[in-house]
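Close look at the chain arrangement
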Amino acid sequence: MAQAARLLVGSQARAILNAMSARIDKSWLVFDSVENDEHDRCVDLFRRPDGSFGFELFRRDVEDEGRWTPVAYYAGGTYGSRGAAMTAAIAAVVWLAEAVGRRPRAEPAR
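All of the points below concern the structure found in this document. Being a predicted model, the structure only gives us computed values, none of them experimental. (Residues numbered from 1 in each chain as written. Predicted model: local features only at pLDDT ≥ 70, side-chain atom pairs only at ≥ 80, totals over all residues. Heavy atoms only, no water.)

**Focus: the pattern of salt bridges**
Rules: What counts as a salt bridge is simple: a side-chain nitrogen of Lys or Arg found within 4 Å of a carboxyl oxygen of Asp or Glu. Starting at the N terminus, helices and strands are each numbered in turn, a helix being any DSSP run of H or I of at least four residues and a strand any DSSP run of E of at least two. Burial classes follow relative accessibility: with a 1.4 Å probe on protein chains only, a residue under 20% of its type's maximum area counts as buried, one over 50% as exposed, and anything between as partly exposed.
Applying the stated criterion to the full structure yields nine salt bridges. With a closest N to O distance of 2.5 Å, arginine 102 and aspartate 37 form a salt bridge. Residue arginine 102 is located in the segment after α4 (96–101), and its partner aspartate 37 is located in the loop between β1 (29–35) and β2 (41–47); the two are separated by 65 residues in the primary sequence. Judged by relative accessible area, arginine 102 falls into the partly exposed class, the value being 41%. A salt bridge links arginine 41 to aspartate 61; the nearest nitrogen and oxygen atoms lie 3.6 Å apart. With arginine 41 in strand β2 and aspartate 61 in the loop between β3 (53–60) and β4 (68–70), this pair connects stretches of sequence that are 20 residues apart.

**Looking at the sheet that holds β3**
Backbone hydrogen bonds are what pair the strands of a sheet, in a parallel or an antiparallel way. Note the following rule: DSSP bridges decide pairing: two strands pair if at least two such bridges lie between them. Every angle, taken between N-to-C directions, lies between 0 and 180 degrees, and every axis is a line fitted to C-alpha atoms, over only the stretch in contact when it is a helix. We call two residues in contact when some of their heavy atoms are within 4.5 Å.
The strand order β1-β2-β3-β4 describes an open sheet built from four strands, whose pairing is antiparallel. In this open sheet, the two edge strands, each paired with only one partner strand, are β1 and β4. Along the sheet, successive strands turn relative to each other by an average axial angle of 35°, direction set aside. Pairing analysis gives three bridges linking β3 to β4, with the strands arranged antiparallel. In the strand pairing of β4, phenylalanine 58 is matched with proline 70. In the packing of helix α3 (residues 82–92) onto the sheet, contacts are made with β1, β2 and β3, and the angle to β3 comes to roughly 40°.

**Some words on the environment of proline 49**
Relative to the assigned elements, proline 49 resides in the loop between β2 and β3. Spatially, the C-alpha atoms of proline 49 and leucine 29 are 8.1 Å apart, while their sequence positions differ by 20 residues. Beyond its immediate sequence surroundings of up to four residues, proline 49 is in contact with Ser27 and Trp28.

**Quick word on α3**
Put simply, the test is: It is the directions from the helix axis to the C-beta atoms that the arc portrays.
The set of residues buried in α3 consists of Ala85, Met86, Ala88 and Ala89. The arc that holds every buried residue of α3, seen down its axis, measures 165°, which confines them to one face. Turned more than 90 degrees from where α3 packs its buried face, Thr87 and Ala91 sit exposed. Buried-residue contacts for α3 involve β1, β2, β3 and α4.

**Concerning the nonpolar core**
Note the cut-off: Take the buried Ala, Val, Leu, Ile, Met, Phe, Trp, Tyr and Cys residues and link them wherever side-chain atoms come within 4.5 Å; each set so joined is a nonpolar core.
Val43, Leu45, Phe55, Leu57, Ala89, Val93 and Leu96 are the most contacted members of the largest nonpolar core, which totals 14 residues. Going through the elements one at a time, β2, β3, α3 and α4 are the ones with two or more residues in this core. Element by element, the count of residues in this core is highest for α3, at four residues.

Written as structure tokens, this is what we have:
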């Protein structure tokens, strides 16, 4: 579909690309969102209503008017747990492990 959108011009191409970018369904619960240091890339981790988990990679650039735009097709992957989704995301996204490692640790509940 992306190749077809590149062949079109103007609003036709924009409509196709916008449809492609709606990869996180509104019924999915985003439980974590991790940005890179430049705040122009983000990975969202989510849970679907069926109990499976997944993730997607986004970018935010000037030409997109600051909107988060998906840049990969990771959302189709299905994982059995939050941890499995995070492990897959770290394996797929080069900067993610470092960004997660810099997060402050939550104190244990007392």
